[in-house]
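Below, each chain spelled out in residue letters.
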Amino acid sequence: MTAWDALVGAYALPFMGRALLVLLVLSVVAGIVGVLVNLRGLEFISDGLTHAVFPGLAIGLVVGGTAGLLPGAAIAALAGAVALTLLVRARVTSDAAVAVVLTATFSVGVIVVSRSDDYAGALEALLFGRVLTISPEEVLPLVVVSLAAAAAVAVTLKQQVLRAFDPVASRASGDRPLMLDLVLNCAVALVVVAGASTVGTLLVLALLIVPGASSRLVTERLWWLFPIAAGVGALSAWLGLSLGFAASVGAGVDLPAGSTVVGVFVLVYTVLLAVRVIRDRMAGAPRRRAPRSIGDRVESVVAAVEGER
């Protein structure tokens, strides 16, 4: 098998084409949303949301089969997003709130799945995904869910960035913290819904966190973080699917598609981290702290937000 067959020719197959389309849209959106998650330090809350989706997936699978996965996950994810937001706003520590939601929802999901006739198969599909078995009917709903998350972030992007850097200035400019937190958490929940239906609940966090973290290794310019994260996500998804296809068809090594994609995400981050460390050492730079240039741009963000009001 040639490199061209793996990177391009494989996607002439319908199931590979569907997998690539869904993963490209999801990875781009997850990268954009993930930048805000990274700036706000909400990685653990995002982890809680990935587990909050699990009982919805389980109930949807038991009640409606694969057609019930997406609506079941959507209801559970949005409910989990609202619950986590309100718990944190009620001054329950975020770690405690996430732990409560995580353990409760995951245990409910396992109980529901255990009632299925094919317990092992159903549990494996929910945990590790089924990206190569996405049906034609599922493509549009998954793309719509991903784009809905992107739209929610796009509408509030400047306000979200301002809140990430200066919550006091955000409130002073008239922003409502509860509403912004709900919008961001619901966007994360929608990404988790689409991701859990493709790469599984245990792996979706990589799609949400790794591209945003990778973009901060590449640039310190605030508005460049978003396109770079989207690009890292799309490239990693494409290479991951291609590698899995090449290994399975060309080398006879059966690699799970979802896990291979996530592995490439992590590999790309590792390479970028190594390049950053080498570059800093060659330049004699001190150990990198939070990017100063991002903080320097907060004033321009504040001015832009105030100019729109």
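Fair warning: this is a prediction, and the values are worked out from it, not measured in the lab.

(A) Quick peek at the nonpolar core. By size, the foremost hydrophobic cluster in this structure holds 73 residues, and its most contacted members are L23, V33, V188, V191, L207 and L241. Top contributing element to this core by residue count: helix α2 (residues 14-40), with 14 residues. Look past the residues within four positions of V188 in its chain and what remains in contact with it is V33, V37, S46, L49 and L208.

(B) Just the packing of helix α4 (residues 69-89) against helix α10 (residues 177-196), in detail. Closest axis-to-axis distance for the α4/α10 pair is 9 Å, and the angle between their directions is 150°. The pairing of α4 with α10 is recorded here as roughly antiparallel in orientation. Crossing hand, α4 versus α10: right-handed. Of the residues in α10, those in contact with L70, A73, A74, A77, L78, A81, V82, T85, L86 and R89 of α4 are P177, L178, D181, L182, N185, C186, A189, L190 and V193.

(C) Focus on α10. Counted at 1.5 Å a residue, the expected span for α10 with its 20 residues is 28 Å, and the 28 Å between its end C-alpha atoms agrees. In terms of burial, α10 is a largely internal element, 16 of the 20 residues being buried.

(D) Quick peek at the pattern of salt bridges. Enumeration according to the criterion identifies 5 salt bridges in this entry. For the salt bridge of R130 with E138, the shortest nitrogen-to-oxygen distance reads 2.5 Å. As far as the burial class goes, R130 and E138 line up, both buried. The salt bridge involving E220 is made with R276; its shortest N-O contact spans 3.2 Å. Taken together, the positions of E220 in the loop between α11 (204-218) and α12 (225-250) and R276 in helix α13 (residues 257-283) put the pair 56 residues apart, joining distant regions of the chain. Among the residues examined, E220 registers a relative accessible area of 29% and is labelled partly exposed.

(E) Expanded view of the UniProt feature "transmembrane region" (unreviewed entry) in the chain. Summarizing the sequence annotation, UniProt attributes the feature "transmembrane region" (unreviewed entry) to residues 20-39, 51-84, 96-113, 182-210, 222-245 and 257-278 in the numbering used throughout. Structurally, residues 257-278 is divided into 100% helix and 0% strand, and its ends, taken at the C-alpha atoms, are 32 Å apart.

(F) Fine view of a nonpolar patch on the surface. Together, L13, F15 and L132 give the surface a local cluster of nonpolar side chains, amounting to about 210 Å² of exposed area. Along the chain, the position of F15 falls in helix α2.

(G) Just the environment of L182, in detail. The residue L182 is located in helix α10 in this model. As for L182 and T85, which are separated by 97 residues in sequence, their C-alpha atoms are 6.3 Å apart. Look past the residues within four positions of L182 in its chain and what remains in contact with it is V82 and T85.

(H) Molecular detail of helix α8 (residues 157-165). Buried residues dominate α8, accounting for 7 of its 9 residues. Among the residues of α8, those classed as buried are L157, Q159, Q160, V161, L162, R163 and A164.

Conventions adopted
Residues numbered from 1 in each chain as written. Predicted model: local features only at pLDDT ≥ 70, side-chain atom pairs only at ≥ 80, totals over all residues. Heavy atoms only, no water. Core = buried A, V, L, I, M, F, W, Y, C linked by side-chain atoms within 4.5 Å. Buried < 20%, exposed > 50% of the residue type's maximum accessible area, 1.4 Å probe, protein only. Helix = DSSP H or I, 4+ residues; strand = E, 2+ residues; numbered from the N terminus. Contact = heavy atoms within 4.5 Å. Axes fitted to C-alpha atoms, helices over the stretch in contact; angles between N-to-C directions. Parallel < 35°, antiparallel > 145°, perpendicular 65-115°, else oblique. Left-handed = near helix turned anticlockwise from the far one by under 90°. Expected span 1.5 Å × (residues − 1). Salt bridge = Lys/Arg side-chain N within 4 Å of Asp/Glu carboxyl O. UniProt positions renumbered as here; feature names shortened; annotations may be inferred. Patch = residues over 30% accessible without salt bridge, like charges linked within 9 Å, V, L, I, M, F, W, Y side chains within 5 Å. Areas by Shrake-Rupley, 256 points an atom, 1.4 Å probe, with all protein chains shown as cover.

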